[in-house]
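Observations on the model geometry
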Amino acid sequence: MRKGASWFNVTSLVLGFAFLYLPIVLLVIYSFNESRLVTVWGGFSTKWYVELLSNQQLLDAAWVTVRVAFFSATLATALGTLAAIVLARSGRFVGRTLFSGMVYAPLVMPEVILGLSLLLLFVAVDQARGFWTIMIAHTTFAMCYVAVVVQSRLAGFDRALEEAAQDLGCPPLRTFFSVTLPIILPGVIAGWMLAFTLSLDDLVIASFTTGPEATTLPMKIYSQVRLGVTPEINAVCTILVGLVTVIVVTASIVTKRQEVLKERDMRQAEAQA
Amino acid sequence: MTSVDRTSVATTAAGSDIPRPPRRRRSAGGWLLIALPYAWLIVFFLAPFFIVFKISLSEIAVAIPPYLPTIDLAEGWSNVVDAVGAFSLENYIWLTQDDLYWKSYLSSVKIAATSTLITLIIGYPIAYGMARAPREWRATLLMLVILPFWTSFLIRVYAWIGILKNEGLLNQALLWIGVIDQPLTILNTNIAVYIGIVYSYLPFLVLPLYANLEKLDISLLEAAGDLGCPPWRTFWTITVPLSMPGIIAGCFLVFIPAVGEFVIPDLLGGSDTLMIGKTLWTEFFTNRDWPVSSAVAVILLLILVVPIVLFQNQQQKAMEKSQ
């Protein structure tokens, strides 16, 4: 019975991952296609990548996107980490239910609603739309993802460490920076990266909250995709996919290695004690 | 955690020899800690909904901004009173009169529910297989599920256009094998929308389900097997009920955003694919009717409020349990 079950498990994993990865792999392969007809293979070529370099509009859009993503991820990480600490540590306070509701709701809220509501807010306060309004919008929804990621890290955290530091007279702010932050750091970094890629990807919220002078890469890609599949877009997508893969894989290797090192230190400390 | 548990924690905390120190008075810094994220979310998440509601009661106008009345506090209180007097439910009445809107809502919920079910059927074996895989593989498998989730949504939807087109890769493959002799029309139909939603949201369902199944005590399954329970029955009477929290969390994470989805029906769906996110988008960007699109958003929010609250309660419970 065990053998049969594991055969079933292997099959479902193979099929599942094939389903998840095949479309992306095909997209990457066809970005190296010589032919302009995207679905007919005409030989290997990197010419679409070379052409991208001369597409100034696309490069401008990419630069706007990266800046928005950097600023919003940084701000979202600061706010989201605070929110996570509040949720995990502050016990009960007036309006806690509302607070946790506001943290979880944006995770599932349809993007069209978030985008529309933020746009109408910016119009109501007569704020000119562009770079900064996209940044604020992205910060708002990304901070909730950061809060959830950091909170899961805080949940498995030995509170006695903080209490020990405070009992020894360490002021709260210093306790945070020298005890709490180093322990939750992997969560905070993961949160920042998640916020960065969420902002990099977003089309709907950016389309609502942008102004005439700020066009992000997804908006540019979207307007071209509506006209049909082109090898240039395949090439842009391949670069983005490659970038994200490198970031995520590196980050996970780094955190894993840190954990291994920490475990080794702990074991040594125990052996000495 | 149930309320009984919570009171028992409170009573131990009131006792004398407990490991937890007595609650310190919240300092000014402590309040600031709460105030910063709280204020941000109130200003940029909660307040905008009231503005959406207000504008849904306004009427369209050829002006900047394109609706009337506008409230200008600088012109005094009477201006506000006049503006409130001019509010009307006209946009909501309009939503009930034109077939397009209620048909869009209905078809969105139907498409989202069907795709959630398909995602569950595909995602459950994947999550189960991951949870039962050898321990040293699990981190890698988890990584493989998370990676597409980090890759752009737009790119993943776009990838399917090249596959599903009439002269696309799927049709080429099927024609070559000889299963069909006419290319199938999949792109720009509801089937393509189902494929797109299932594909894009699959990691959202697999992740919570995997987290849940991994913790499942395998000795329960072995005990059932030893007592002669056939595997399929063990699965239905033990595994499924115990993984219910993971199933529910995953389904909410797929269903709620899918109802308001815009990119997938717009790029993969056809002109007859009705989804409310697309209707709202057209109303706003093409017709430039801000009041009607606000009313569409308010109703969408009302439809989603029940699943959202259920999802939050579930998250809250999971969080309390983990602490």
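None of these values were measured; they are calculated from a predicted model.

Regarding its fold elements, chain A presents 11 helices and zero strands. Moving toward the C terminus, one meets the helices and strands of chain A in the order α-α-α-α-α-α-α-α-α-α-α. Its C-alpha atoms give chain A principal-axis dimensions of about 70 × 65 × 40 Å. By residue count, 44% of the 273 residues in chain A fall in the buried class. In chain A, the proportion of contacts linking residues at least 24 apart, taken out of those at least 6 apart, comes to 79%.

A few words now on the overall build of chain B. A tally of regular secondary structure across chain B gives 15 helices and two strands. Out of the 323 residues in chain B, the part that is buried amounts to 39%. Across chain B, contacts joining residues at least 24 apart in sequence account for 71% of those joining residues at least 6 apart.

All names here are of chain A. Packing of helix α3 (residues 56–89) against helix α6 (residues 131–155) leaves a shortest axis separation of 5 Å and a crossing angle of 40 degrees. The pairing of α3 with α6 is recorded here as oblique in orientation. Here α3 runs over α6; the crossing is right-handed. Partitioned by chemical class, the residues of the contact of α3 with α6 number 23 nonpolar, seven polar and no charged.

Below, the discussion takes up the interface of chain B and chain A. On the chain A side, the residues contacting the 79 residues of chain B number 67 residues. Sorting elements by how many residues they give to the side of chain B that touches chain A places helix α2 (residues 28–56) of chain B first, with 17 residues.

Phi at Asp-126 of chain A is positive, roughly 60 degrees, even though this residue is not glycine. By the secondary structure assignment, Asp-126 of chain A is in the loop between α5 (111–124) and α6. Residue Asp-126 of chain A is classed as exposed on the basis of its C-beta count, with 7 C-beta atoms lying within 10 Å. Even without being a glycine, Asn-188 of chain B presents a positive backbone phi close to 65 degrees. With respect to the element layout, Asn-188 of chain B can be found in the loop between α8 (169–177) and α9 (190–214).

On to α9 of chain B. Residues and elements named next belong to chain B. Taking 1.5 Å of rise per residue, 25 residues should cover 36 Å, and α9 covers 35 Å from first to last C-alpha, within 8% of that figure. The principal kink in α9, of about 45 degrees, is found at Tyr-201, preceding the proline Pro-203 by one to four residues. Burial runs high along α9: 21 of the 25 residues are buried.

Turning to its location among the elements, Ile-233 of chain A is positioned in helix α11 (residues 231–272). A tally of 26 C-beta atoms within 10 Å means that Ile-233 of chain A is categorised as buried. In sequence terms Ile-233 of chain A and Lys-220 of chain A are 13 residues apart; their C-alpha atoms lie 9.8 Å from each other. The residues touching Ile-233 of chain A, leaving out its near neighbours within four places in the chain, are Ile-221, Gln-224 and Val-225 of chain A together with Tyr-158 of chain B.

Residue and element names in this part refer to chain A. If you check α5, its first and last C-alpha atoms are 20 Å apart, about what 14 residues at 1.5 Å a residue would give, namely 20 Å. Burial analysis of α5 places 12 of its 14 residues in the buried class, which makes it a mostly covered element. Considered for burial, the residues of α5 that qualify are Glu-111, Val-112, Ile-113, Leu-114, Gly-115, Leu-116, Ser-117, Leu-118, Leu-119, Leu-120, Leu-121 and Phe-122. Downstream of α5 by a residue or two, Asp-126 has a phi angle that is positive, lying close to 60 degrees.

Parameters at a glance
- Residues numbered from 1 in each chain as written.
- Chains lettered and ligands numbered in written order.
- Predicted model: local features only at pLDDT ≥ 70, side-chain atom pairs only at ≥ 80, totals over all residues.
- Helix = DSSP H or I, 4+ residues; strand = E, 2+ residues; numbered from the N terminus.
- Buried ≥ 20, exposed ≤ 12 C-beta atoms within 10 Å, placed from the backbone.
- Contact = placed C-beta atoms within 7 Å.
- Axes fitted to C-alpha atoms, helices over the stretch in contact; angles between N-to-C directions.
- Parallel < 35°, antiparallel > 145°, perpendicular 65-115°, else oblique.
- Left-handed = near helix turned anticlockwise from the far one by under 90°.
- Nonpolar A, V, L, I, M, F, W, Y, C, P; charged D, E, K, R; others polar.
- Expected span 1.5 Å × (residues − 1).
- Bend = angle between axes of the 7 residues up to and from the residue.

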